[in-house]
Amino acid sequence: MHYLVQQLRKVVGAGTVDQSTIESIELLVGEAFPRLSEELLFKPNPRPGRYLCYQDPDYDFVIMALVWGPGDATPIHDHGTWGVELVLQNQLKVTTYTDCEVNPEPIDSSIIGPGAVMHNMPPARDVHKIEHAGGDCAISLHIYGRSMSANRSFVPGRGFEPRQLPVSVWPRPIKQ
């Protein structure tokens, strides 16, 4: 994980995060998958939740591990920042929605498994929902362009509203 953090600092610190930068980050994360899966998998029984692994003091990006139990799902939401996600264990279903404030409609959906890397880049591909899709628990790693203690979630009949997100600290924080 330390190597990934150092490489992310180089890429993010080089300037504005755009589509080309996102593709570079996706490659870094994909290449790190074998090491990350060994380092980050909880043993023996992971607890569902959102865990902060690293928050960069200079470039504001964060690395989080999310543990999904059977039946866990996010509401339809957006981040308002770039993000790259990697599935470490089992499967997740990701559904992308139209960028509509009143009634977002599904555009596409896919089931992804270990080693799959995806991204979001506002405004395209930022409105989505993620849910557990297989196995006893799923674990994913998320890198965001800012702290993710809050986002906007869709509430039927009301539109998108700010929502606070619970975050626990990873048992072994990653140092720079």
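Structural data are supplied above this passage.
Read on for an overview of the structure. As the structure is a computational prediction, the values presented were derived from the model and not from experiment.

So, on to the overall build of the chain. Across its full length, the chain carries two helices and 10 strands. Ordered by position from N to C terminus, the α and β elements of the chain give α-α-β-β-β-β-β-β-β-β-β-β. Taken over the C-alpha atoms alone, the chain extends approximately 45 × 40 × 25 Å along its principal axes. Each of the 176 residues in the chain was classed as buried or not, and the buried ones make up 48%. In the chain, 74% of the contacts between residues at least 6 apart in sequence involve partners at least 24 apart. Accessible area for the chain stands at about 8700 Å²; split by element, carbon and sulfur atoms hold 52% of it. The chain carries 15 positive and 20 negative side-chain charges, and their two centres are separated by 7 Å.

We now examine the nonpolar core. Formed by 30 residues in total, the largest nonpolar core has its most connected members in L4, L36, I63, W82 and L141. Of all elements in the fold, only α1 (2-13), α2 (19-40), β1 (49-55), β2 (62-68), β4 (83-97) and β7 (128-144) reach the threshold of two or more residues within this core. Among the elements that make up this core, the one with the highest residue count is α2 (eight residues). Beyond its immediate sequence surroundings of up to four residues, I63 is in contact with M1, V5, L8, Y51, L52, C53, Y54, L141, H142 and I143. Grouped together as the second largest cluster of nonpolar side chains are 15 residues, L92, A138, Y144 and L165 included.

This paragraph deals with the side chain of N120. Looking at where N120 falls in the secondary structure, it is placed in strand β6 (residues 117-120). Classification of N120 as buried rests on a relative accessible area of 1%. Here H79 takes part through its side chain, which lies 3.1 Å from a polar atom of the side chain of N120. Engagement of the side chain of N120 in a polar contact is seen with the side chain of D126, the distance being 3.1 Å. Contacts of N120, omitting those with residues within four sequence positions, involve H79, T81, W82, G83, E85, R125, D126 and H128.

Procedures and definitions
Residues numbered from 1 in each chain as written. Predicted model: local features only at pLDDT ≥ 70, side-chain atom pairs only at ≥ 80, totals over all residues. Heavy atoms only, no water. Helix = DSSP H or I, 4+ residues; strand = E, 2+ residues; numbered from the N terminus. Buried < 20%, exposed > 50% of the residue type's maximum accessible area, 1.4 Å probe, protein only. Contact = heavy atoms within 4.5 Å. Areas by Shrake-Rupley, 256 points an atom, 1.4 Å probe, with all protein chains shown as cover. Lys, Arg positive; Asp, Glu negative; His and termini not counted. Charge placed at Lys NZ, Arg CZ, Asp CG, Glu CD. Core = buried A, V, L, I, M, F, W, Y, C linked by side-chain atoms within 4.5 Å. Polar contact = N/O pair within 3.5 Å; in protein donor to acceptor, adjacent residues only side chain to side chain.

That is the geometry; function is a separate question.
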